[in-house]
Amino acid sequence: MTVHPQHDAIIVGAGFGGIGAAIQLNRLGLDNLAILEREDDLGGTWHVNHYPGLAVDIASVTYSYSFEPNPYWSRMFAPGAELKRYAEHVADKYNLRRYMRFNTSVTGSRWDEDEQYWVVNVEDGPSITARYLLTATGFLSQPKTPDIAGIDTFEGKVIHTTKWDDTYDLTDRRAAIIGTGATSVQLVPRVADKVRELTVYQRTPIWLVPKVDLPIPGVVQRLFDRAPVTQKVARVVNSSVLEAIMVAGVLHYRQAKIFNKGAELIARAQLRAQVRDKKTREELTPDYSFGCKRPSFSNEYLAAFNKDHVRLETTSIDHIEPNAIVTTDGNRTEIDTLILATGFNLWDVNFPAIEILGRDGRNLGKWWRDNRFQAYEGISVPHFPNFMTLASPYSYSGLSYFTTIESQMKHMDRLLSESKRRGATTFEVKQDANDEFLDRCTEQLDDSVFYNGNCQTSRSYYFNQHGEAAILRPTSTLNALREASRFPLEDYTYA
Ligand code: NAP
């Protein structure tokens, strides 16, 4: 007797990736969905992060669904809270909340070969079954707490940037921030505004270029609203610039490193213009090529180090005491607030973020680690039928996450439409199609900044434990979108 699964599909994650996937599945006529979310609300990154200074650093005309433009972004680079409201708006407009179960942590999932469906286990509840499983768990969703001796003995306030405590008053505090990635760049100026003393512990400096960010006047917002084509044009122009940066500066560094050198010149000019102290300026200057590690934009971060109460510390941290940080030169800095802007763990715990067991019990995380990180077109994996991994190796396309989301939506559309046309209930990507895609990615990365730039000292999360830059899809976004709607249908088996 055939046992029917409870749902057409389970989507893990209610961020922009999961929301996009649900919209696409609805368009395909699948409306018995469950979206499982470990947090207490939707929005993913933009729900979890609400530290002071949070804003998007890809212009909002591009960092949004192309089919759901928001004419009313307040700035060119919208603040985090607006992104969260936008996620809520889209979820409401597409009536997706009915599928969402919050505070629901998925502990694992396995393909049931007999029943031909996925069995998904959740904490504190019965398992749930679905024909399809889609993981939209994000790239930067497993916060990293540094393993520094004595950190657990600290008696003051400890805040990881992903768990910002909005009720905590920074006024007059003696604070430390560990980490100088894109998060710290946004946070440091805001914390510096409040505290009595701030020490920023830097291990690796970040390349920073100026941020051209202006409020969007009401008249432009109304124009975007009344004549949507104008916002479309703005999107195309902005996306084209991002695409040029990505293709030339990242993917074709070997041929076009002049772009990276140009960006370094701009960044160095900003350092000279904004940082008065020579030693601090030198310490804030990266020694790796622009693009090895994600650069960022800011007009305020560097200048914060001119303030008398803000200090950059580049000596390594030795240990933490109940009320101080001690560096390896024995220097002891008393603090009462420890802010961890230490980012995320991608390669040990995030690919995949949950246990996924495919056919014959193949464990996706183990298989990726024992072999190489890989996913056909950044979305499917042999031995894992009816499974789509949305935050996967070689899937991140271009500079805006929405390009990735929308190309994956197109892929879903083509694959599931074909499946339906054939009356099939399962699909699985063929091994040789997967291998060919991996070979192509490997070959195309040959020209990239990752293998031709000077990246040794960058400590970039783009590289995995094997030294492979396996996150970004090394093609143009146009290629990604085109292939998503034209990949050979026979790259899959259908049954
Ligand atoms: P990150 O770029 O990974 O930076 C983490 C920082 O913590 C690095 O400076 C790292 O130093 C440091 N660190 C980690 N462990 C340490 C340890 N044990 N001791 C000393 N330092 C340590 O993380 P993030 O700043 O949170 O940014 C992550 C990504 O989120 C960004 O690249 C970006 O993609 C995204 N983001 C986007 C926005 C936006 O769009 N608005 C804003 C913020 C973040 P090393 O570099 O030496 O490892």
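Summary of the structure given here. (Residues numbered from 1 in each chain as written. Predicted model: local features only at pLDDT ≥ 70, side-chain atom pairs only at ≥ 80, totals over all residues. Heavy atoms only, no water.)

With that settled, the discussion passes to the sheet that holds strand β9 (residues 197–201). Strand pairing in a sheet relies on backbone hydrogen bonds, with the paired strands running either antiparallel or parallel. Read from one edge of the open sheet, five strands run β7-β16-β8-β9-β12, paired in parallel fashion. The open sheet has two edge strands, β7 (157–160) and β12 (310–313), and neither has a second partner. Neighbouring strand axes in the sheet, compared pairwise and without regard to direction, differ in orientation by 20° on average. Pairing between β7 and strand β16 (residues 337–340): four bridges, direction parallel. Considered in β16, the bridge of Lys157 is made with Thr337. (Pairing = 2+ DSSP bridges. Helix = DSSP H or I, 4+ residues; strand = E, 2+ residues; numbered from the N terminus. Axes fitted to C-alpha atoms, helices over the stretch in contact; angles between N-to-C directions.)

In this structure, Glu264 sits in helix α7 (residues 253–274). Buried within the structure, Glu264 lacks any salt-bridge partner; Arg268 is the closest side chain of opposite charge, at an N-O distance of 4.0 Å. Setting aside residues up to four positions removed in sequence, Glu264 forms contacts with Trp207, Tyr288, Ser289 and Phe290. (Buried < 20%, exposed > 50% of the residue type's maximum accessible area, 1.4 Å probe, protein only. Lys, Arg positive; Asp, Glu negative; His and termini not counted. Salt bridge = Lys/Arg side-chain N within 4 Å of Asp/Glu carboxyl O. Contact = heavy atoms within 4.5 Å.)

The next subject is the state of the cysteines. Per the stated rule, a full pass over the model turns up one disulfide. One disulfide in the model links Cys292 with Cys455; its S-S distance is 2.0 Å. Its S-S torsion of approximately -80° makes the covalent link between Cys292 and Cys455 left-handed. On the criterion of sequence distance, the pair formed by Cys292 in the loop between α8 (278–283) and β11 (296–297) and Cys455 in the loop between α13 (449–452) and α14 (477–486) is long-range, its members being 163 residues apart. Under the relative-accessibility criterion, Cys292 is labelled buried at 0%. (Disulfide = S-S within 2.5 Å.)

Attention now goes to the side chain of Asn49. Examined against the element boundaries, Asn49 turns out to sit in the loop between α2 (45–48) and α3 (80–93). In this view, Asn49 contacts Leu54, Thr161 and Thr162; residues no more than four positions away in its chain are not counted.

As far as function goes, none of this settles anything; it's purely spatial.
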